[in-house]
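Observations on the model geometry
Letter by letter, the chains look like this.
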Amino acid sequence: MKFTNRHKNVELIIAEELLVGLERYGLAQYPNEFGGFLLGYYSEDFTQLYVIDAILPKKYKGIPSLFERSIEGMEEIFRDLFERKKLQYVGEWHSHIDGTSMYSQTDLQAMTEIANHDTVYIENPILLIMSIGEKGRKDFSIYLYDNSNLYKYE
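Here is a short report on the structure shown in this document. (Residues numbered from 1 in each chain as written. Predicted model: local features only at pLDDT ≥ 70, side-chain atom pairs only at ≥ 80, totals over all residues. Heavy atoms only, no water.)

**Considerations on the pattern of salt bridges**
Counted by the stated rule, this structure contains eight salt bridges. Across the pair Asp-146 and Lys-8 runs a salt bridge, and its minimum N-O distance is 3.9 Å. Placement of Asp-146 in strand S9 (residues 136-146) and of Lys-8 in the loop between strand S1 (2-5) and strand S2 (10-14) is noted, with a sequence separation of 138 residues between them. Judged by its relative accessible area of 14%, Asp-146 falls in the buried class. A salt bridge links Arg-137 to Glu-23; the nearest nitrogen and oxygen atoms lie 3.5 Å apart. (Salt bridge = Lys/Arg side-chain N within 4 Å of Asp/Glu carboxyl O. Helix = DSSP H or I, 4+ residues; strand = E, 2+ residues; numbered from the N terminus. Buried < 20%, exposed > 50% of the residue type's maximum accessible area, 1.4 Å probe, protein only.)

In structure tokens:
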């Protein structure tokens, strides 16, 4: 699947199979929110972002209206994935339970903290929010973070 972010003119490519996997993870934690890290790589000219995989945090807290994850124990996993597969951290994903895939102020604040964290080496992390109902995925949206704003991929 291909999406374009007009703000930065970046095309995002993600496989339906990966979205199905994220849906399964989210549904397994229903009615609590859940999420993790997105992995991929950019084209040499940074006009295309390939989202290839997702990994789950080792520590997290999920309730019906909030998901918080820790980076504790993840550094070695990220290093290994980069060395073996050349995959790097490109952003975050989490579920919204029985709601929309629109980001909240909490989501925006979290992305600002992530983008400004000293261990994050990309300027524009992405945020994928998947709306999950009792029977599975209702909708999803992907956003690009830039300068304290989130811009939707269409």
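Back to the write-up after that little detour.
**Let's talk about the layout of surface pockets**
Roughly 1,000 Å³ of volume is contained in the largest pocket. Considering the residues around the largest pocket, the lining is formed by 33 residues, among which Phe-37, Arg-69, Ile-71, Tyr-89 and Glu-92 are closest to the centre. In the lining of the largest pocket, the residues fall into 17 nonpolar, eight polar and eight charged. Roughly 220 Å³ of internal volume is contained in the second largest pocket. For the second largest pocket, the full set of lining residues is Lys-8, Val-10, Tyr-42, Phe-46, Gln-88, Ile-122, Glu-123, Asn-124 and Leu-144. (1 Å grid on protein atoms, 1.4 Å probe; cavity = no way out; pocket = protein on both sides within 12 Å on 5 of 7 lines; lining within 4 Å. Points joined across faces, edges and corners; volume = space filled by probe spheres on them. Nonpolar A, V, L, I, M, F, W, Y, C, P; charged D, E, K, R; others polar.)

**Description of the side chain of Ser-141**
Checked against the element boundaries, Ser-141 lands in strand S9. Side chain to side chain, Ser-141 and Ser-101 meet in a polar contact 2.6 Å long. (Polar contact = N/O pair within 3.5 Å; in protein donor to acceptor, adjacent residues only side chain to side chain.)

**A word on the side chain of Glu-33**
Note on placement: Glu-33 falls in the loop between helix H1 (16-29) and strand S3 (35-42). It is Lys-61 that comes nearest to the buried, bridge-free Glu-33 among opposite-charge side chains, at 11 Å. Other than its neighbours up to four places away in sequence, Glu-33 contacts Gly-62, Ile-63, Pro-64, Ser-65, Leu-66, Phe-67, His-94, Ser-95, His-96 and Ile-97. (Lys, Arg positive; Asp, Glu negative; His and termini not counted. Contact = heavy atoms within 4.5 Å.)

**Observations regarding the environment of Phe-78**
Mapped onto the elements of the fold, Phe-78 is located in helix H2 (residues 75-85). Measuring from C-alpha to C-alpha, the distance between Phe-78 and Tyr-30 comes to 27 Å, with 48 residues separating the pair along the chain.

**Observations regarding H1**
Relative to the 20 Å expected for 14 residues at 1.5 Å per residue, H1 spans 20 Å between its end C-alpha atoms, a close match to the ideal helical length. Those residues of H1 lying buried are Leu-18, Leu-19, Gly-21, Leu-22, Glu-23 and Gly-26. Taken together, the buried residues of H1 touch S2, S3, strand S4 (48-55), strand S7 (88-97), strand S8 (126-133) and S9. (Expected span 1.5 Å × (residues − 1).)

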